[in-house]
Amino acid sequence: MVKRDDGRDLAPISELLSYRLSRTSSALSRSAALRYRREFDVSLGEWRTIALIAADPTLTLNRLARRAGLDKAQMSRVVRGLVERDLVRRTEGAGRSRQLALTDAGVEVYRGLIAAANERDAAFAALLSDEEAEVLGRALEKLADLALPLEKREREQLDEK
């Protein structure tokens, strides 16, 4: 076993909080992706794109990519596919920007997707007591508050090399 500087054993990967969160998140995403593909013929990336556009119909491709945590090229491919399937349309915005909006067909798909997502969320929430749900919510906020500055610092250090 590898030791810390203070002589204690280092935790194996299976006990690391970030690894456990990542595995859980991946399992949740995979099961959602399978359901959304089966019921609505959309990928997880397409579902997230549709949901983000539904939440803010003033989004441009750049803003959408930032919100989704994808680079512009990846988001452009997702949006192009949704436009080709007549689920999303591009409209002229200010200057050269183009806003994204759901078509009528996109709104219908969104309604089904968001109902399925809420059903899944309720099933997960039902596993937790009110106190556990509250503690989990606070813990996730704290972890996010730490993770974002850590990510920024790591980027800066990488850029310095």
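What counts, and where the lines are drawn
- Residues numbered from 1 in each chain as written.
- Predicted model: local features only at pLDDT ≥ 70, side-chain atom pairs only at ≥ 80, totals over all residues.
- Heavy atoms only, no water.
- Core = buried A, V, L, I, M, F, W, Y, C linked by side-chain atoms within 4.5 Å.
- Buried < 20%, exposed > 50% of the residue type's maximum accessible area, 1.4 Å probe, protein only.
- Helix = DSSP H or I, 4+ residues; strand = E, 2+ residues; numbered from the N terminus.
- Contact = heavy atoms within 4.5 Å.
- Expected span 1.5 Å × (residues − 1).
- Salt bridge = Lys/Arg side-chain N within 4 Å of Asp/Glu carboxyl O.
- Polar contact = N/O pair within 3.5 Å; in protein donor to acceptor, adjacent residues only side chain to side chain.

Student: Honestly, the nonpolar core in this entry has me stumped. Any pointers?
Tutor: As a rule of thumb, soluble globular proteins bury nonpolar side chains together. Tyr-36, Val-42, Trp-47, Ile-50 and Leu-113 are the most contacted members of the largest nonpolar core, which totals 25 residues. With five residues, helix α2 (residues 44-55) is the largest single contributor of residues to this core. Setting aside residues up to four positions removed in sequence, Trp-47 forms contacts with Tyr-36, Val-42, Tyr-110, Leu-113, Ile-114 and Ala-117.

Student: Would you explain unusual backbone geometry in this entry?
Tutor: When glycine is set aside, most residues are seen to have a negative phi, and most peptide bonds are trans. Unlike most non-glycine residues, Asp-41 shows phi in positive territory, near 55°. As for its position among the elements, Asp-41 is in the loop between α1 (17-40) and α2. When its relative accessible area of 45% is taken as the criterion, Asp-41 is described as partly exposed.

Student: I would appreciate a short explanation of α1 in the present structure.
Tutor: Residues separated by three or four positions in an α-helix point in the same direction, a consequence of the helix having 3.6 residues per turn. In this model α1 runs 33 Å from its N-terminal to its C-terminal C-alpha over 24 residues, within 8% of the 34 Å that 1.5 Å per residue would give. Taken together, the buried positions of α1 are Ser-29, Ala-32, Arg-35, Tyr-36 and Phe-40. Those residues of α1 that are buried are in contact with α2 and α5 (104-126). At the exit of α1 stands Asp-41, carrying a positive phi of roughly 55°.

Student: Where do I start with the pattern of salt bridges in this structure?
Tutor: Two side chains carrying opposite charge are able to pair once their charged atoms lie near each other. Within this structure, the stated rule accounts for eleven salt bridges. One salt bridge connects Arg-63 with Asp-56, and the closest N-O pair in it is separated by 3.2 Å. Judged by its relative accessible area of 28%, Arg-63 is partly exposed. One salt bridge in this structure joins Glu-134 and Arg-138, with 2.9 Å as the shortest N-O distance. Taken together, the residues Glu-134 and Arg-138, both in helix α6 (residues 130-160) and four residues apart, mark about one turn of the helix. Sharing partners across several salt bridges, the network here consists of Arg-35, Arg-38, Glu-39 and Glu-119.

Student: Whenever I open this one, the side chain of Glu-46 confuses me. Can you help?
Tutor: You can see Glu-46 is positioned in helix α2. Polar side-chain contacts of Glu-46 include one of 2.7 Å to the backbone nitrogen of Ser-43. Side chain to side chain, Glu-46 and Arg-85 meet in a polar contact 3.4 Å long. Apart from residues lying up to four places away in sequence, Glu-46 is in contact with Arg-37, Asp-41, Val-78, Leu-82 and Arg-85.

Student: Whenever I open this one, the side chain of Thr-60 confuses me. Can you help?
Tutor: Within the element layout of this structure, Thr-60 appears in the loop between α2 and α3 (61-68). Discounting chain neighbours no more than four positions away, the residues touching Thr-60 are Ser-97, Arg-98 and Leu-100.

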